[in-house]
Amino acid sequence: MSNIGVVGAGAFGSALASVLANDNHNVTLWGRDAAQMARMGETHKTPYLPNVTLPDTLKVTADLSDLNGSDAVLMVVPAQVTRTVLTSGSLADITCPILMCAKGIELTTSRSQTDILADELPNHIGGVISGPGFAQEIACGKPTALTLAITDPSLGADLQSMLSTSSLRMYLTSDVKGVQLGGALKNVYAIACGIVRGADIGESAQAALLTRGFAELKSLAAKMGAKPETLSGLSGFGDLVLSCTSMQSRNFAFGHQVGSSADFGQTKTVEGIATAMAVGALAEKYHIEMPICAAVSAVLQKKLSVKDALQQLMSRPLKREV
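Our subject in this report is the structure included herewith. In this numbering scheme, every chain counts its residues from 1 along its sequence in written order. Thresholds applied to this predicted model are a pLDDT of at least 70 for local features of residues and 80 or more for the giving and counting of side-chain atom pairs; totals over whole chains, interfaces and linings are not thresholded and use all residues. Side-chain numbers here rest on the full set of heavy atoms in the structure, without hydrogens or water.

## Considerations on helix 7 (residues 176–198)
The cut-off we apply is this: Counting from the N terminus, the helices are the DSSP runs of H or I reaching at least four residues and the strands are the DSSP runs of E reaching at least two. Under the convention used throughout, the expected extent of a helix is 1.5 Å for every residue step, that is, one less than its residue count. Residue exposure (1.4 Å probe, protein chains only): buried if accessible area is under 20% of the type maximum, exposed if over 50%, otherwise partly exposed.
Between its terminal C-alpha atoms helix 7 stretches 34 Å, which fits the 33 Å expected from 23 residues at 1.5 Å a residue. Burial analysis of helix 7 places 21 of its 23 residues in the buried class, which makes it a mostly covered element.

What follows is the structure in structure tokens.
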């Protein structure tokens, strides 16, 4: 029986903690709101996962030091606050691998989640968990396959075995960079596809946007050293398809809201917003044209209307598909 810590008591963190606790692991779930964590401990309920009862064995806490002694820690806080949580001090005493689960690029630095971990806790072993999985389905025990990325193959095999359950299957890779880029960039295209659906531009346009978005994603990722097979796998194409076609995706649902009503209000974390803006710096650095990402960023910053962004994309010079 392994000791697993989960940092972040939102929907995805609670779902991972729940499914792992149900698999007879000792799981401790951390959230920053002490009152909320106390209620969760008493009721075994969380507002982030309707109709899900959390296991009685799941330990909840608002004290990061309670994660000391873990065999693995999963970081499931929003991408833009990862650095803040890592610099809180309490995680410096943890000696086990830290697996980054947020799908986003830091807006102020264009750094990935494992880059941030290396910046703040350079002596820690880092890895990534990503792929096509909705929190509600994971928590309900519906079959889900994710990618676990870590450079040490032996440690990776141990973690793969530890974190796989009867309903959650982990596939192993050493391509940490590719897994993160696939997970982060697909959120931008999910917003774009949501806008298309919300504005009733058509299913043909949505299919074209998803496909050309995947081409953009692969171009940037290849320049940054990712493996092509990673981008064609669960954490790339698989996650892209799921996020670009379902209202369960926060990014797609947010885009739908923007497209249908031009309403930019949000009550949940939408990782693709900051990532869309951060990608511009990466595209410039690696000399890659990413017109869809640029259009999404311009719309979200209200520099372009949805109509003008569409016209701009459709009036680009004709080119070969490859």
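Still more to cover.
## Focus: the packing of aromatic side chains
So the rule is basically this: Pairing of aromatic rings covers Phe, Tyr and Trp, the last through its six-membered ring, and needs centres within 6.5 Å; plane angles under 30 degrees mean stacked, over 60 mean edge-to-face, and all others mean tilted.
Scanning all chains against the criterion turns up 1 aromatic pair. Geometrically, the ring pair formed by F214 and F237 is tilted, given 5.2 Å between the ring centres and 50° between the ring planes. Of this pair, F214 sits in helix 8 (residues 203–223) while F237 is found in helix 10 (residues 234–243), placing the two residues 23 residues apart along the sequence. You can call F237 partly exposed: its relative accessible area is 37%.

## Re the environment of T43
Rule in force here: Between N or O atoms, a polar contact is any pair within 3.5 Å; within protein, one atom must be a potential hydrogen donor and the other a potential acceptor, and residues adjacent in sequence are included only when both atoms are from side chains.
By the secondary structure assignment, T43 is in helix 2 (residues 34–43). Between the C-alpha atom of T43 and that of V241, which follows or precedes it by 198 residues, the distance is 35 Å. Within the structure, T43 has its side chain in polar contact with the backbone nitrogen of K45 (distance 3.2 Å).

## Thoughts on the side chain of E216
Stated formally: The sign given to each residue is positive for Lys and Arg and negative for Asp and Glu; His and the chain ends receive no count. For salt bridges, the criterion is a side-chain nitrogen of Lys or Arg within 4 Å of an Asp or Glu carboxyl oxygen. Here, two residues are considered to be in contact whenever any of their heavy atoms come within 4.5 Å of each other.
With respect to the helices and strands, E216 occurs in helix 8. Buried within the structure, E216 lacks any salt-bridge partner; its nearest side chain of opposite charge belongs to R316, at an N-O separation of 6.8 Å. A polar side-chain atom of E216 sits 3.4 Å from the main-chain amide nitrogen of C293. Dropping the residues within four chain positions of it, E216 is found in contact with Y189, E289, M290, P291, I292 and C293.

Without other data, these values stay purely geometric and don't point to any function.
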